[in-house]
Amino acid sequence: MDTPGKLLKAERDKQQKSLNELANALRIRYDYLEAIEGENYGLIPGDVFIKGYIRAYADHLGLNSNHVLRLYKKQVAKVSSAESK
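Here's a quick rundown of the structure.

Procedures and definitions
Residues numbered from 1 in each chain as written. Predicted model: local features only at pLDDT ≥ 70, side-chain atom pairs only at ≥ 80, totals over all residues. Heavy atoms only, no water. Phe/Tyr/Trp six-rings, centres within 6.5 Å; stacked < 30°, edge-to-face > 60°. Lys NZ or Arg CZ within 6 Å of the ring centre and 35° of its normal. Salt bridge = Lys/Arg side-chain N within 4 Å of Asp/Glu carboxyl O. Helix = DSSP H or I, 4+ residues; strand = E, 2+ residues; numbered from the N terminus. Axes fitted to C-alpha atoms, helices over the stretch in contact; angles between N-to-C directions. Parallel < 35°, antiparallel > 145°, perpendicular 65-115°, else oblique. Left-handed = near helix turned anticlockwise from the far one by under 90°. Contact = heavy atoms within 4.5 Å. Nonpolar A, V, L, I, M, F, W, Y, C, P; charged D, E, K, R; others polar.

Concerning the packing of aromatic side chains
Here is step 1: Under the defined criterion, the tally for this structure stands at three aromatic pairs.
Here is step 2: Through a chain of ring-to-ring contacts, the aromatic side chains of Tyr32, Phe49 and Tyr53 assemble into a single cluster.
Here is step 3: Of note, arginine 29 hangs over the ring of tyrosine 32, and the distance from its end group to the ring centre comes to 4.4 Å.

Digging into the pattern of salt bridges
Here is step 1: If you walk through the whole model with that rule in mind, you get six salt bridges.
Here is step 2: We note a salt bridge from aspartate 47 to lysine 51, for which the minimum N-O separation is 3.0 Å. In this pair, aspartate 47 and lysine 51 both sit in helix H4 (residues 47–61), four residues apart, roughly one turn of the helix.
Here is step 3: Members of the salt-bridge network, linked through shared partners, are Lys9, Arg12, Asp13 and Glu37.

Some points on the packing of helix H2 (residues 19–26) against helix H3 (residues 30–38)
Here is step 1: Their axes nearest at 9 Å, the elements H2 and H3 cross at an angle of 120°. If you check the angle between H2 and H3, you find them oblique. The two elements H2 and H3 meet at a crossing, and its hand is right-handed. Residue-level contacts link Leu19, Asn20, Leu22 and Ala23 of H2 to Tyr30, Leu33, Glu34 and Glu37 of H3.
Here is step 2: For the contact of H2 with H3, the class distribution of residues is five nonpolar, one polar and two charged.

Below, the structure is given as structure tokens:
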């Protein structure tokens, strides 16, 4: 399954952009972008920020941000259902 972190990292690598470049361009902390790529969402305060950062990151790379956000929501729902069992 594609995950938002893998998809964003792969596209960033394809475009040969560094996380520092993106952090500066998007004005999002480097460690938050790193957390998104590593899917360590707990390092980012609040789901609304996570979604906003994912949307901005995807848009900046020219990806369909709605698709990337759907992947994020699926991933979060999957983790939540696994934790509740």
